[in-house]
Amino acid sequence: MKSSESGKPRVGLRPLVVLDSPGGDLQGGIMLGAAIRSARVDTVVEEKAICASACTYAFIGGVGRSVLGKFAIHAAKLVDEVGDRAGDSYQLYSAWVMIYTREQIGRDDMAHEALAFGSKGAALLDDGLLRDWNIITMASRPSQAIDPSQYKSLICPQRVRYDIAAVSHIVCSSIALGRLDVRMIAALESLSGEAMFSTIRAEQARWNAYRDSCQDRDLGSGLDKAREQASALPPANLDKGGLMGLFLQEGTQPRGRIGIELCLEQAYGDRVTELEALATYFKIGRQTDVQKGWKAPK
């Protein structure tokens with residue numbers, strides 16, 4: 001494991017932990033992953049590297065996560081026990097990895113599949129599973145990206161470049177932003193039959209323009225936010241080898257991209273929250289008890 005400013009392909013505002021390991025102690029992997037999440041840093045498996053076994057649990061501790069190399073899972077091999085002790089140990093271990101995985105990435109498919117695979121050998125996960133199981137947050141190659149046809153609020157470039165600081169390239173290479181775009185459109189479609197939809201549609205046009213204007217944003221408050229995050233990190237994370245250290249140097253290239261990313265994350269997050277809340281309001285309002293003003297039956 002090493003700290004790196006690896007710019008291929010992701011550039012962010014957090015320090016980056018590079019993982020290259022065939023595995024090791026499960027407890028150590030989970031503890032390392034928890035420490036990584038606590039430090040609010042990103043993780044990457046670089047090209048020609050492998051992250052397998054216990055390494056995978058360390059990897060999912062990253063706030064931002066990308067895989068260019070190989071990612072393999074399997075169940076841990078427990079110390080031989082007999083009778084009830086063996087069953088109790090396996091149940092405890094299974095619950096532990098399932099809960100940890102769900103806490104870190106919101107799903108437990110990775111842990112469930114690892115337990116089902118067993119401890120002999122290792123299962124390489126393809127790019128689709130890395131994406132769909134929330135193991136990665138950033139697409140490092142086209143096979144990891146969300147299908148461009150699912151984006152309805154913008155047109156993805158024919159060839160997405162992961163190193164270009166442009167709204168369309170950033171949104172279409174970010175799995176998190178891509179999912180927010182899909183959720184936003186789904187909420188809009190659910191509101192299409194409402195009487196006030198013409199107002200919502202006009203507001204959406206203004207939001208689209210706001211989202212696109214992220215391209216021209218300087219860091220502004222985003223720089224202050226990043227510096228505040230940096231001040232909370234241990235000094236060791238602020239050396240020139242880390243992305244945060246690189247970011248805080250004057251005139252470095254990541255500054256513009258970071259400003260765009262911060263703007264997009266806020267714009268998408270707030271808009272999805274707004275539209276989904278509105279959709280829920282109208283859905284609940286159509287329920288019989290609500291329409292009756294919550295009057296108890298006589």
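Structure first, text after, so check above.
Residues numbered from 1 in each chain as written. Predicted model: local features only at pLDDT ≥ 70, side-chain atom pairs only at ≥ 80, totals over all residues. Heavy atoms only, no water.

## Here's the deal with helix H1 (residues 26–39)
Structural remark: α-helix, 3.6 residues per turn; residues separated by three or four positions point the same way.
Thought 1: The terminal C-alpha atoms of H1, which comprises 14 residues, lie 20 Å apart, in line with the 20 Å expected from a rise of 1.5 Å per residue.
Thought 2: Within H1, the full set of buried residues consists of Leu26, Gly29, Ile30, Gly33, Ile36 and Arg37. Across the axial projection of H1, the buried residues extend over an arc of 120°, all falling on one side. Projecting away from the buried face of H1 at angles above 90 degrees are the exposed residues Met31 and Ser38.
Thought 3: Capping the start of H1, aspartate 25 holds a side-chain oxygen 3.3 Å from the backbone nitrogen of glutamine 27, two or three residues further along.
Thought 4: Downstream of H1 by one or two residues, arginine 40 has phi in the positive range, about 60°. (Helix = DSSP H or I, 4+ residues; strand = E, 2+ residues; numbered from the N terminus. Expected span 1.5 Å × (residues − 1). Buried < 20%, exposed > 50% of the residue type's maximum accessible area, 1.4 Å probe, protein only. Arc of directions from axis to C-beta. Polar contact = N/O pair within 3.5 Å; in protein donor to acceptor, adjacent residues only side chain to side chain.)

## Things to note about the packing of aromatic side chains
Thought 1: Applying the stated criterion to the full structure yields four aromatic pairs.
Thought 2: Ring plane angle 65° and centroid distance 5.3 Å describe the contact between phenylalanine 59 and phenylalanine 71, whose orientation is recorded as edge-to-face. On the criterion of sequence distance, the pair formed by phenylalanine 59 in helix H2 (residues 54–59) and phenylalanine 71 in strand S6 (residues 70–73) is long-range, its members being twelve residues apart. Neither residue differs from the other here; phenylalanine 59 and phenylalanine 71 are each classed as buried. (Phe/Tyr/Trp six-rings, centres within 6.5 Å; stacked < 30°, edge-to-face > 60°.)

## Side note on the pattern of salt bridges
Thought 1: A complete count under the given rule lists nine salt bridges for this structure.
Thought 2: A salt bridge links arginine 107 to aspartate 109, with the nearest nitrogen and oxygen atoms 2.7 Å apart.
Thought 3: With relative accessibility at 33%, the residue arginine 107 sits in the partly exposed group.
Thought 4: Glutamate 274 is paired through a salt bridge with arginine 271; the nearest N and O atoms lie 2.7 Å apart. With a gap of three residues between them, glutamate 274 and arginine 271 both fall in helix H11 (residues 254–285), about one helical turn apart.
Thought 5: For glutamate 274, a relative accessible area of 37% puts it in the partly exposed group.
Thought 6: Taken together, the shared-partner salt bridges connect Glu203, Arg271 and Glu274 into one network. (Salt bridge = Lys/Arg side-chain N within 4 Å of Asp/Glu carboxyl O.)

Read these as spatial facts, not as claims about activity.
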